[in-house]
Amino acid sequence: MLSSRVTVALAGALLASACQVQQTAIRKDISKESERPLPHRVLLAEPDIRVHEISAGELVEEVREWSQKASGEAVKSVEGLAQASGMFEVVQPSRLSDAERGTLDQYASLYALVSGSAYSAQHSMYSAWQKRAAEFDYTLGPGMDGIRKNAKLDAVVFVVGTDYISSASRKAAMAIGYTLDVLGVLGSVLSPYGKPTGHIGPESKPAFLSAGIVDMHTGELLWYSTELRSGSDDLRDPAVVKSLVEDLFKTYPGAPKPTDAKK
């Protein structure tokens, strides 16, 4: 599982550019050389989606039950989408040895860092980083090649994400804050001496999900996509997770085109 520090770092990079709803990138030789075959047998690493509760006092705490539920729904969504679309064959990590699963966990953490770096480069104000992002040739290194050979795999898909759910008391505080803001505005309109309260209640936080596919032989990050959703979207909801996964994979080179789906 990802360390809290890695997850927070990735979330920070994404939330800093919250105006960008979705971001995706494809490795340059895949996007330019259509003859390069896409992965067929793909290992689905255990998704690491962290769901937190925020109290009225702004205390943030992960709720493991919620995280496990969201991660489990991500597994179902990726499997269902792959089966329905024929993009690739999904292989579960349960087929791996304990040592191989340990290696996979380390590379899941590395994926979070590399994809977060790629995202930051795409939104950098500096030309050097913009050029780096345009070329998109990120790699995690060839350390998973042994797993690939043993399980006869082509690639691995990583899914990471996070969400923040307001507690009932925090929602009440938000409602009160909104009411005070409205009353303050009305007061400034009704009275020539009135002034808005300036009160700003606790804001809802967007949920995000990131998926990426890594070649297990070379370690190359072939494709990744990240999407932010409004604070009203809840990753505990299977329909929301399914919708997010479907939106993420629409940009994958192997995804069926709209014209294909109609045939």
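Note that the structure is a prediction, hence the values are computed from the model and not measured. (Residues numbered from 1 in each chain as written. Predicted model: local features only at pLDDT ≥ 70, side-chain atom pairs only at ≥ 80, totals over all residues. Heavy atoms only, no water.)

> Residues and numbers for the environment of Ser97, please.
As for its position among the elements, Ser97 is in the loop between β5 (89-91) and α4 (98-122). The sequence separation of Ser97 and Ile147 amounts to 50 residues, and the corresponding C-alpha distance is 9.2 Å. (Helix = DSSP H or I, 4+ residues; strand = E, 2+ residues; numbered from the N terminus.)

> So what about the pattern of salt bridges? Which residues, and what values?
Inspection of the entire model under this criterion finds 15 salt bridges. Salt-bridge contacts for Glu227 lead to Arg229; the nearest nitrogen and oxygen are separated by 3.1 Å. With a relative accessible area of 13%, Arg229 lands in the buried category. Measuring nitrogen to oxygen at the nearest pair gives 2.6 Å for the salt bridge that ties Arg236 to Asp234. A network of salt bridges, in which partner residues are shared, links Glu227, Arg229, Asp233, Asp247 and Lys250. (Salt bridge = Lys/Arg side-chain N within 4 Å of Asp/Glu carboxyl O. Buried < 20%, exposed > 50% of the residue type's maximum accessible area, 1.4 Å probe, protein only.)

> Give me the lowdown on the pairing of strand β6 (residues 155-166), citing residues and values where you can.
Judged by how many residues are buried, β6 sits mostly within the fold: 12 of 12 residues are covered. Side-chain alternation along β6 places Ala155, Val157, Val159, Gly161, Asp163 and Ile165 on one buried face and Val156, Phe158, Val160, Thr162, Tyr164 and Ser166 on a second face that is also buried. Note that strand β2 (residues 41-44) and β6 share 3 bridges and pair parallel. Note that in β6 the partner of Leu44 across the bridge is Val157. Both strand β3 (residues 48-54) and β6 contribute to a ladder of 7 bridges, which runs parallel. Across the sheet, residue Ile49 finds its bridge partner in β6, namely Gly161. (Pairing = 2+ DSSP bridges.)

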